[in-house]
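For reference, the chains in residue letters:
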Amino acid sequence: MSPRRNRPRGGLRAAGSSGWAAREAQEAGRGIGLENSESWRGEEWAVRRITGGGAVKPYRCPGCDQLIPPGVPHVVAWPAHSDGEDRRHWHGPCWTARDRRGVRPQRSRNAPRY
């Protein structure tokens, strides 16, 4: 009996290119994991969708003010003209519904709701 193969056979590997470069080229055709540009409130935003495996830290969603736990797919968005220092991590549905939501005031847990 021969040992099991741990490397995938063909498919992603093109002639003369590494597996990583071929995988990026294949994903570029489908638009997965790469930056897209979207317009919101008259400003261009760079948007990247993060898979569950790529999410390793908890983040707070600005749309619903809830925590995004590690391992949950989400959206990272920042103004396209910036260097990415002010990027925000959103739940996918919160990013989709950003125009329908009002501004939520930031309160502490003990603050009154009036």
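Residues numbered from 1 in each chain as written. Predicted model: local features only at pLDDT ≥ 70, side-chain atom pairs only at ≥ 80, totals over all residues. Heavy atoms only, no water.

Asker: Go over the sheet that holds strand 2 (residues 43-50), please, and point to the residues and values.
Answerer: Pairing within the open sheet is antiparallel, and its 4 strands lie in the order 1-2-5-6. The sheet is open, and its two edges are formed by strand 1 (36-40) and strand 6 (88-90), each paired on a single side. Taking the axes of each pair of neighbouring strands and ignoring which way they run, one obtains an average angle of 35° across the sheet. Where strand 1 lies against strand 2, 5 bridges are found, and the strand directions are antiparallel. (Pairing = 2+ DSSP bridges. Helix = DSSP H or I, 4+ residues; strand = E, 2+ residues; numbered from the N terminus. Axes fitted to C-alpha atoms, helices over the stretch in contact; angles between N-to-C directions.)

Asker: Go over unusual backbone geometry, please, and point to the residues and values.
Answerer: Excluding glycine, residues mostly carry a negative phi; peptide bonds, for their part, are mostly trans. Not every positive phi belongs to a glycine, and Arg41 is a case in point at roughly 55°. The phi dihedral of Asp65 is positive, around 60°, even though this residue is not glycine.

Asker: So, the nonpolar core: which residues are in play, and what are the values?
Answerer: Of all hydrophobic cores here, the largest spans 11 residues; its members are Trp40, Trp45, Val47, Cys61, Cys64, Ile68, Val75, Ala77, Trp90, Cys94 and Trp95. Of all the secondary structure elements, the ones that give two or more residues to this core are strand 2, strand 5 (74-79) and helix 2 (92-96). Leave out the neighbours within four places in its chain, and Cys61 touches Gln66, Ile68, His89, Trp90, His91 and Cys94. Formed by 5 residues, the second largest nonpolar core is a distinct cluster that contains Ala46, Ile50, Ala55 and Val76. (Core = buried A, V, L, I, M, F, W, Y, C linked by side-chain atoms within 4.5 Å. Buried < 20%, exposed > 50% of the residue type's maximum accessible area, 1.4 Å probe, protein only. Contact = heavy atoms within 4.5 Å.)

Asker: Please set out the side chain of His91 residue by residue, giving values where relevant.
Answerer: Mapped onto the elements, His91 comes out in the loop between strand 6 and helix 2. Look past the residues within four positions of His91 in its chain and what remains in contact with it is Cys61, Cys64, Gln66, Leu67 and Ile68.

Asker: Now, about the confidence of the model for the chain: what can you tell me, with residues and values included?
Answerer: Of all residues in the chain, 64% attain a pLDDT of 70 or more, and the chain-wide mean is 75. Across residues 12-17, where pLDDT falls below 50, the model places 7 contacts with residues more than four positions away in sequence or in other chains. The model gives residues 24-32 a pLDDT under 50, and that stretch makes 5 contacts with residues more than four places away or in other chains. (pLDDT = per-residue confidence, 0-100.)

Asker: I'd like to hear about the environment of His91, residue by residue, with values.
Answerer: Using a relative accessible area of 18% as the deciding quantity, one classes His91 as buried. Sequence-wise, His91 and Cys61 are 30 residues apart; in three dimensions their C-alpha atoms are separated by 6.3 Å.

Asker: Tell me about the pairing of strand 2, and please be specific about residues and values.
Answerer: Side-chain direction in a regular strand flips from residue to residue, so the side chains alternate between the two faces of the sheet. Hairpin connection, strand 1 to strand 2: the antiparallel pair is bridged by 2 residues, and Arg41 has positive phi, about 55°. Sheet topology note: the strand 2/strand 5 ladder contains 6 bridges and is antiparallel. Across the sheet, the residue bridging to Val47 is Ala77, located in strand 5.

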